[in-house]
Amino acid sequence: MYYKVLKAIYELNNEGKMSVGVRKLGEKLGYRNLISKILKKLQNEGLIEIVNERVNNRKPRKVAYLTPKGEILLKEVKKRKILILRQKLKNIKKEIDHL
């Protein structure tokens, strides 16, 4: 669940170049009722930063950004997933070769 939130923040922020509102993030992930708790946990771990941001004359909104630590963790998790998938593919190839 936490990985999905980090990944979504990264994607919605367009690699950190745009801000993403907390409400929009919760709606995208289907965690609308849990998103605040999840984000608080990620913020306490130093993986994201949540700030109030005002755009034009609108009221401020909470916006989540990945911290450098969050970006590193996200990349590490992606690497591990790729390695796991590669190992699974090797195992499948071995099974096919034995047929």
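A quick note: this is a predicted structure, and the numbers were derived from the prediction, not measured.

Undergrad: Describe in detail the overall build of the protein, supporting the description with residues and values.
TA: Within the protein, the secondary structure is distributed over four helices and three strands. Over its C-alpha trace the protein gives a radius of gyration of 18 Å, far above what one expects of a compact globule, namely 13 Å for 99 residues. Counting only C-alpha atoms and orienting by the principal axes, one finds that the protein spans roughly 65 × 25 × 25 Å. Classification of the 99 residues of the protein by burial places 27% in the buried group. Partitioning the intrachain contacts of the protein with sequence separation of at least 6 by distance along the chain shows that 48% fall at a separation of at least 24. Of the roughly 7800 Å² that the protein leaves accessible, carbon and sulfur atoms contribute 52%. Each charge sign in the protein was given a centre, from 26 positive and 10 negative side chains, and these centres are 4 Å apart.

Undergrad: Describe helix α2 (residues 22–29), listing the residues and the values that go with them.
TA: Buried within α2 are the following residues: V22, L25 and G26. Seen along its axis, α2 keeps its buried residues to an arc of 95°; they face one direction. Count one or two residues on from α2 and you reach G30, which has phi positive near 80°.

Undergrad: Before we move on, could you go through the nonpolar core and cite the residues and values that matter?
TA: By size, the foremost hydrophobic cluster in this structure holds 18 residues, and its most contacted members are V5, L6, I9, L25, L39, L42 and I48. Here the element with the most residues in this core is helix α1 (residues 2–12); it accounts for five residues. Beyond its immediate stretch of four places on either side in the chain, I48 contacts L6, I9, L39, L42, Q43, Y65, L66 and T67.

Undergrad: Can you break down the pattern of salt bridges residue by residue, with the values?
TA: Scanning the entire structure with this criterion turns up three salt bridges. Here K41 makes a salt bridge to E45, at a shortest N to O gap of 3.7 Å. Measuring nitrogen to oxygen at the nearest pair gives 4.0 Å for the salt bridge that ties R61 to E53. For R61, a relative accessible area of 33% puts it in the partly exposed group.

Undergrad: Any details on the environment of R58? Residues and values, ideally.
TA: Position of R58 relative to the elements: it lies in the loop between β2 (48–53) and β3 (61–66). A relative accessible area of 62% means that R58 is categorised as exposed.

Undergrad: Before we move on, can you summarise helix α4 (residues 68–97) with the specific residues and values?
TA: Look at α4: 44 Å from first C-alpha to last across 30 residues, which is about the 44 Å you get at 1.5 Å a residue. Those residues of α4 lying buried are G70, L74 and V77.

Cut-off values and rules
Residues numbered from 1 in each chain as written. Predicted model: local features only at pLDDT ≥ 70, side-chain atom pairs only at ≥ 80, totals over all residues. Heavy atoms only, no water. Helix = DSSP H or I, 4+ residues; strand = E, 2+ residues; numbered from the N terminus. Rg over C-alpha atoms; globule rule 2.2 N^0.38 Å. Buried < 20%, exposed > 50% of the residue type's maximum accessible area, 1.4 Å probe, protein only. Contact = heavy atoms within 4.5 Å. Areas by Shrake-Rupley, 256 points an atom, 1.4 Å probe, with all protein chains shown as cover. Lys, Arg positive; Asp, Glu negative; His and termini not counted. Charge placed at Lys NZ, Arg CZ, Asp CG, Glu CD. Arc of directions from axis to C-beta. Core = buried A, V, L, I, M, F, W, Y, C linked by side-chain atoms within 4.5 Å. Salt bridge = Lys/Arg side-chain N within 4 Å of Asp/Glu carboxyl O. Expected span 1.5 Å × (residues − 1).

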